[in-house]
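Fold and contact review
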Amino acid sequence: MTISREHKICIVGLGYVGLPLAVEFCQKYTTIGYDISPQRIAELSSGHDKTLEVANTYLDEVINNHRLSFTVAIDDIQDCNIYIITVPTPIDNYKRPDLTPLIKASEAVSQVLKVGDIVIYESTVYPGATEEDCVPILEAGSGLKFNHDFFCGYSPERINPGDKEHTVTKILKVTSGSTPEIANTVDTLYKTIITAGTHLAPSIKVAEAAKVIENSQRDINIAFINELAVIFNKLDIDTHAVLEAAATKWNFLPFKPGLVGGHCIGVDPYYLTHKAQAIGYNPEIILAGRRLNDNMGCYVANQVIKLMIKKGLPIANAKILILGITFKENCPDIRNSRVIDVVQELQEFACQVSIYDPWANAEEVQAEYQLNLIENINLDSYQAIILAVAHDEFKTLNIKTHPQQVVFDIKSILEPTYIDGRL
C-alpha cells in the first residue's frame, strides 16, 4: 500500500497518547479522533484538553485549520482505512494485565474494518498480544482474513506525560508490520510526522518486546537505587551524597530513589512477567524490582512515623499534609500514583491525612482513590509534611522543619538543612 494524503486516519482513544498523535496526523491527512467517552469528545470539540498535552489555543487552531474531528459514533469512522489504537493497558488488582480496553477497541474497529485496511496498535503489551489476542477479535468481528483482507502494525507509544521538550514528533518511533510490505507502509506513514525518525523492527513481536523492556529496565534501575537508599539510611549515610560522588564516573547511571508509579514504569514489567510465566519461566530480577518499588510508599510512611516518635509527636490523629498526588511533577496525570501507598499506610496509623495538589483534578482523585483534595494549606497546622511530588509550586513554599513538626522530602528538592528526612 502506498501512503498518500487521501488516506483517512482514525485514532482510537484520545488520552495522553492519542490526542497528540491525532493533532500531528491531521496536518497531513484527514483524521478522526474516536473515544467512548462523550465527555472527552465534548471537551476536545470545544478546544479544551484536560491532560494539558496539547495547548488549548493550538487545539483550536488544528480543529479550525486542519482536517481533525472528534466522535463517539462508530459509524463516523467507517470510511477510515488506517486505524491507530492508543487505549490504556492497565493491570488488575492482582497485578495481571487487563486487556479489556484493548479488546473493546479491537471489537469496535472490527465493526467497520474493510478489505485493505490497516490496524496499528500503540498500546504497551506483552510480545504476541497483537497477533494472538487482538487479530482474532478483528477477524471474528469483521469476517475478514488477517494478512489477506486486512493487515496490522505495531508502533509503541513513547509519550512522556507533561514533557514539553520530548514531544511525539521529537521521539524516535519504532515501527513494524504484519508483512514486509505493510511494515514499510507503517514506517512510511510515521515518517511523515516523526521528525526524529523511525526504526523499522523486523516483526511485530520484536517491536512489542522492545517497548515493554524500556520501562522494565528503568524500573529495575530505580529499584536498585531505592534499595541503596534503604541500606544507606540504616548506615546513617546520605544517599544523595553517595550518588553525587558515584556520578563523577563517566558511565555511572544517574537514577534517583523515589516512588515508582504512573501508567508505564509501574505497570509494564507485569506485562512481560505475565508472558514469561505463561511460557513456563519465572522471572526473578524483574519481579524483585517490582516488589521493592511497590513497597516504597509504606517505607516512606514508616520513616515519617519514626521521625515523629523521635520528636515526641503524637501519632494517632496526627495531622499530616501530603504535597502532591499526581504520579509525576507538573502533570495532572494521577493514574497509578504510588503516593496513595503513603496515604493508606499513614491512615493505618490513625493519622489524619490531607492532600494538596494544584495540578490534580479533585473529581478524578475522588473517583479513583476516594480521597478529597484540600484547596488551601497552612503549613504550621500539621505535625508532619511530606513533599511527594516535585511540582514547581512546591519549590517556592517556605517549608522549614521545627521541633513540633516533621518534614520529609521524597523528591529531594528542599534544602537539606530544613528537613528531617528524605529518600
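Residues numbered from 1 in each chain as written. Predicted model: local features only at pLDDT ≥ 70, side-chain atom pairs only at ≥ 80, totals over all residues. Heavy atoms only, no water.

Examining the layout of surface pockets
A volume near 1100 Å³ is recorded for the second largest pocket. Along the walls of the second largest pocket sit 45 residues, with Arg218, Ile222, Ile265, Phe327 and Lys328 positioned nearest its centre. Within the residue set of the lining of the second largest pocket, elements represented by two or more residues are α7 (204-234) and α14 (392-395). The element best represented in the lining of the second largest pocket is α7, accounting for 7 residues. Among the residues making up the lining of the second largest pocket, the classes are represented as 18 nonpolar, 13 polar and 14 charged. (1 Å grid on protein atoms, 1.4 Å probe; cavity = no way out; pocket = protein on both sides within 12 Å on 5 of 7 lines; lining within 4 Å. Points joined across faces, edges and corners; volume = space filled by probe spheres on them. Helix = DSSP H or I, 4+ residues; strand = E, 2+ residues; numbered from the N terminus. Nonpolar A, V, L, I, M, F, W, Y, C, P; charged D, E, K, R; others polar.)

Quick notes on the packing of helix α5 (residues 129-142) against α7
Packing of α5 against α7 leaves a shortest axis separation of 9 Å and a crossing angle of 110 degrees. Taken together, the axes of α5 and α7 lie roughly perpendicular to each other. Facing Ala129, Thr130, Glu131 and Glu132 of α5, the residues of α7 in contact are Ile204, Lys205 and Glu208. Partitioned by chemical class, the residues of the contact of α5 with α7 number 2 nonpolar, 1 polar and 4 charged. (Axes fitted to C-alpha atoms, helices over the stretch in contact; angles between N-to-C directions. Parallel < 35°, antiparallel > 145°, perpendicular 65-115°, else oblique. Contact = heavy atoms within 4.5 Å.)

Re the pattern of salt bridges
This model, assessed by the stated rule, comprises 19 salt bridges. With a shortest N-O distance of 3.1 Å, Glu364 and Lys50 are connected by a salt bridge. Residue Glu364 is located in helix α13 (residues 362-369), and its partner Lys50 is located in the loop between α2 (38-45) and α3 (56-65); the two are separated by 314 residues in the primary sequence. The class of Glu364 is partly exposed, set by a relative accessible area of 27%. Within the structure, one salt-bridge network assembled from shared partners comprises Lys95, Asp219, Arg290 and Asp294. (Salt bridge = Lys/Arg side-chain N within 4 Å of Asp/Glu carboxyl O. Buried < 20%, exposed > 50% of the residue type's maximum accessible area, 1.4 Å probe, protein only.)

Focus: empty space enclosed by the protein
The full count for this structure, using the stated rule, is 1 cavity of 30 Å³ or more. By volume, the largest cavity amounts to about 80 Å³. Considering the residues around the largest cavity, the lining is formed by Val17, Leu21, Glu122, Glu157, Arg158, Ile159, Val168, Ile171, Leu172 and Lys173.

Points about the sheet that holds strand β9 (residues 319-323)
With parallel pairing, the 5 strands of this open sheet are ordered in space as β10-β9-β11-β12-β13. Edge strands, defined here as strands with exactly one partner in the open sheet, are β10 (352-356) and β13 (421-422). Across the face of the sheet, helix α12 (residues 339-348) comes into contact with β9, β10 and β11 (384-387) while running at roughly 175 degrees to β9. (Pairing = 2+ DSSP bridges.)

Some thoughts on the nonpolar core
Counting 42 residues, the largest nonpolar core has Ile77, Ile85, Tyr121 and Cys152 as the members making the most contacts within it. For Cys152, the contacting residues outside a window of four places in its chain are Val119, Tyr121, Thr130, Val135, Leu138, Phe146, Gly177, Ser178, Ile182 and Ile204. Listed in part, the 37 residues of the second largest apolar core include Ala318, Ile322, Ile340 and Ala384. (Core = buried A, V, L, I, M, F, W, Y, C linked by side-chain atoms within 4.5 Å.)

Comments concerning the side chain of Thr31
Inspection of the secondary structure puts Thr31 in strand β2 (residues 30-34). Setting aside residues up to four positions removed in sequence, Thr31 forms contacts with Ile9, Ile11, Ala22, Phe25, Cys26, Arg67, Leu68 and Ser69.

From the geometry alone we can't say anything about function, so treat these as descriptive.
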